[in-house]
Each structure stands twice: as C-alpha cells, then as structure tokens.
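# Remarks on the overall topology
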Amino acid sequence: MANISGIVKSARNIMRQDTGTGSDELRILQLGWMLFLKIFSDKDKELELMDDNYTSPIPAELHWDEWAGDDEGMTGDELLQFVDRKLFPTLSEIDLSTAKRRAVLVHEVFDNNYNYMKSGIHLRQVINKLNEIDFNNSKDLHLFGQIYETFLSELQSAGTLGEFYTPRAITQLMTERVNPEQGETVLDPACGTGGFLTAVIEHLKATAGSVKQREAIAKNVQGWEYKPLPYMLANTNLILHDIITPNIQYADSLQRPLSEYTRNDRVDVIIANPPFGGVVSNNNENNFPQTYRTKESADLFLILMIHLLKDGGRAAIVLPDGSLTGDGVKQRIRQKLLEDCNLHTIVRLPNSVFQPYASVATNLLFFTKGEATGNIWYYEHKMPESYKSYSKTKPIQLAEFDSLKAWWNSNEGKREATEQAWQVDIDTIKANGYNVDIKNPHRPEEEKRHSSTELLDLLHQSFARGDQLLEQLRKELV
C-alpha cells in the first residue's frame, strides 16, 4: 500500500510552487474539486457496471480516467486549456433535466468553483500524485478520509474558511451525547465542511447491522450549506466516508419563511455549530415571526432549530456567550427555548477552542423538544494544566472530555454537583430575565468568566476609576 500521507505531502509541495495556489486555503480548495471529481468519477463507473439503468451525468470524455488517468497524458498549456475551457464549463452546465441528485451535485460543485493552478505542468504532477491513491480500496479511502479531516482543520487558520470547521473533538463529543440511532433523521442546517455529518455517519455505521441500515444512513443524515466552497468540501468529505450521494442541500437555511416548514420537514436530531457574530443578509430576519426578528444569525438559527425538531427530538448546538444573555428579542428567544424544550445541560468551553477565527467564549447546549426546562446542569470544561490556550498545534482533544463523560453517565438523572458542575433551577433563571449565562459558583470570584455585558461594565468602572485618579493627580500637581 502506498504511503498516502507522503503522496499528499508531495502533492501539496507541488502546489506550493504554483503561483495560483500560494496559500493553504487555495491548496485545499484545489485539492477539493480534484478529489471530488476523481472519487465521484470512479464511483460512477462502478455504478454503471453494477446497475444497467444507471447512466453517469459526466460525459464519457470528461471522466477522470479519460483525461487524467494516463501519467504520460496531456500536460502544460494543453492540459490547462482543457480543464479551464472544456472540463469546468461543461460540468457546470450539465444537463439537469433528469433531476438526478448526482447530476445536480456535479453542476453545483463545478458551477461555483475554479481551477486555481496556473501551471499545466504542476497540475499534471498533482494529478499523477492523486493517481497513486486507490480510492476504491476501502483502507486507502479510510486513511485518506483522516488526512482530509486534517486539511479541513487547517482551515481554522487559513483565511476566510475557518468559520466552517468545528474541531473534531467537539463534533465527536456532541454526537456521542445526542446518540443518533438507526432510522432517525439527523440534520445540520449550517453544515460547513461536514464535520458533524461525518461524525454522525461514523457513529451510525458502528451500529448498522444490515446493508439496508447502511444505505439508509446516506438518506437520513442531511446537511444544508449556502456557500459554494464549504458545500464542495462537505460533499467530498461525505464521499470519503463512503456516502455515494451525500444528502446536502445547497441552500441558505434562513432564506425560507419559518411558516413554510411543515411536519414533513421535522427531524429527530439536530446537531450544529450555527454561524455566530454574523449579521444576516437579504433581510432574512423577515422570514421569522416579528417577536423573534434579529440580525444576529445564531439567534435566528436557534429559533429555526427549535421549529425543525419533532416533539421528543434532541439537539446539541454550539452557541456563544452572547446568545445566553441580553434583553429584548434575545430574552424572548431564550424564553421560547426554555418553555418549548428541556435545556438539560450546558457545557461551558474555554474561549480559545475556536481560535483563531473566533475567540469568544462558547457553550454546548443539549436539549430535548416537547417538555419545558425544570433545571439546567452546567459543566465547565477546563483546559489541560500545561495549556495557556488552544491553538493550531494544540487543538482540543476528545480525551479531555473523559471526566465530563464520567460525570454525565455516572448517575443519569441523579447527577452530582462538583467543582466543575452545578445546577440552576428554572425559577432562578426566570427571575434573572431568562439569563442562562451563569458562572461556576464553586470558582473564586476573580477566576469566573464574565459575560460581555459584565465585561463592558467592568471596563466602564475601570475607566471611571482611572479618570478619578488622574483628576486627583492633576490637583496634587497644581
């Protein structure tokens, strides 16, 4: 078996020499469409052999093997012109009259993408490297899936795409806790590069007892993503996890009026890290009832996710501190969450988990729809003692959550307060304006993390005190 890691490293080194792929982000995007086409094309040829009724949406001469499979084939300007003037235009204008999901997928990937490489010679060299990997070999596919996950993690520090990646330890923890089961529908309405979807797929694969169950996973695990690049990366990600036709919609979740979602749109499980800190575009807030209209994307997503859950449905979502507190519409949204759902657990994370693209403090919220909240358990996750903060070289690891899992599972229903865990009843929360940004009562006062409102107050007090001291000093000098 080829050394897959070494092959990928070589391919990236070739791309580093190309003027069109001079950054990590561009190299990942270039690799993204090439991998997508190679794996998709291989799978299509396999499907045509296995099913007499299946016809690939890709024209015969554009299948990967036809133009890229021969290591001594097209190169230089000829290859570049073929890719830029034939491959991309044809695949972006693919015949959609069949309405086949795989045709739509090819169209959406190539209509919204580019060949970033500027040298046909470098492009040929990268193609030849990818040809050394056998994606029909399940071992190679699995190994490459792990390497691809590492690429996606690099997006966190690679320009504008960091917001679409959630650390793997977080996606795994949330999936384990929500525990999706065979036959349940699972949705991530802001799926980014597909981290939650792949965590759910692997979780379900581990308990799939039949071919029928394995096939159902592809249909039941759904994602929505409205930006073309993460959409492509997510589809490639799912294909690497053996999903022949990923169930990812190229759509803006907030663009459809809430009232248009019917019972048929409801799902058993939602697991997501909705975009936060962003201002919604296209007046999408008008798709929501007047009482919940806000420009803050995370708050609108919360309303959408409550609405999309079936009664008895479960959710695990990432929210910033700013969504846990605040007056007006923020308070009304939290009130709805607490009245319509049982928000049973909030895991408080250190504020460097999502660095560098977001350095705000974040929380993992776990809730079930259909019963009101009575009490909320809080659990404060602590960084390893040797860390000052998480970083690209020191990301959060799943093993760090072992103590949380032990506490969570120890006496289900009879959890106990510890230095890291505390419980707050709903009457206290109501009396406090439905504020759920509640700090650990077991920590020394100076160590407690403050909400953004409290930080502004503290800053204001600090400035006021500084002004007093300056005034006093000025008087003494006169």
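Presented here is a report on the structure given in the accompanying data block. (Residues numbered from 1 in each chain as written. Predicted model: local features only at pLDDT ≥ 70, side-chain atom pairs only at ≥ 80, totals over all residues. Heavy atoms only, no water.)

Turning our eyes to something else, we now look at the overall build of the protein chain. In terms of helices and strands, the protein chain carries 16 helices and nine strands. Computed over its C-alpha atoms, the radius of gyration of the protein chain comes to 25 Å, within 12% of the 23 Å expected for a compact globule of 478 residues. Judged by the C-alpha coordinates and their principal axes, the protein chain covers about 80 × 65 × 45 Å. Burial status across the protein chain gives 51% buried among its 478 residues. (Helix = DSSP H or I, 4+ residues; strand = E, 2+ residues; numbered from the N terminus. Rg over C-alpha atoms; globule rule 2.2 N^0.38 Å. Buried < 20%, exposed > 50% of the residue type's maximum accessible area, 1.4 Å probe, protein only.)

Turning to the sheet that holds strand β5 (residues 309–320), a few remarks are in order. Spatial ordering of the open sheet is given by β3-β2-β1-β4-β5-β7-β6-β8-β9, a layout of nine strands whose pairing is mixed. Each end of this open sheet is capped by a strand with a single partner; those strands are β3 (247–250) and β9 (421–425). The average undirected angle you get between the axes of adjacent strands in this sheet is 15 degrees. Sheet contacts for helix α8 (residues 168–178): β4 (267–272), β5 and β7 (362–369); angle to β5, the most-contacted strand, approximately 155 degrees. (Pairing = 2+ DSSP bridges. Axes fitted to C-alpha atoms, helices over the stretch in contact; angles between N-to-C directions. Contact = heavy atoms within 4.5 Å.)

Here we take up the nonpolar core. Residues Trp67, Leu87 and Phe367 are the most contacted members of the largest nonpolar core, which totals 138 residues. The biggest single contributor to this core is helix α2 (residues 24–50), with ten residues. Once residues within four sequence positions are removed from consideration, Trp67 is found in contact with Leu37, Glu61, Leu62, Met74, Leu79, Phe82, Val83, Leu87, Arg124 and Ile127. (Core = buried A, V, L, I, M, F, W, Y, C linked by side-chain atoms within 4.5 Å.)

We now examine the environment of Glu260. If you trace the backbone, Glu260 turns up in the loop between β3 and β4. Here the alpha-carbon distance between Glu260 and Gly374, two residues 114 residues apart in the chain, equals 31 Å.

This part takes up the packing of helix α4 (residues 76–92) against helix α5 (residues 101–111). At their nearest, the axes of α4 and α5 sit 7 Å apart, and the two run at 130 degrees to each other. As far as their axial angle goes, α5 and α4 are oblique. For the pair α4 and α5, the crossing hand works out as left-handed. Here Phe88, Leu91 and Ser92 of α4 come into contact with α5, specifically with Val106, His107, Phe110 and Asp111. Taken together, the residues of the contact of α4 with α5 sort by class into four nonpolar, two polar and one charged. (Parallel < 35°, antiparallel > 145°, perpendicular 65-115°, else oblique. Left-handed = near helix turned anticlockwise from the far one by under 90°. Nonpolar A, V, L, I, M, F, W, Y, C, P; charged D, E, K, R; others polar.)

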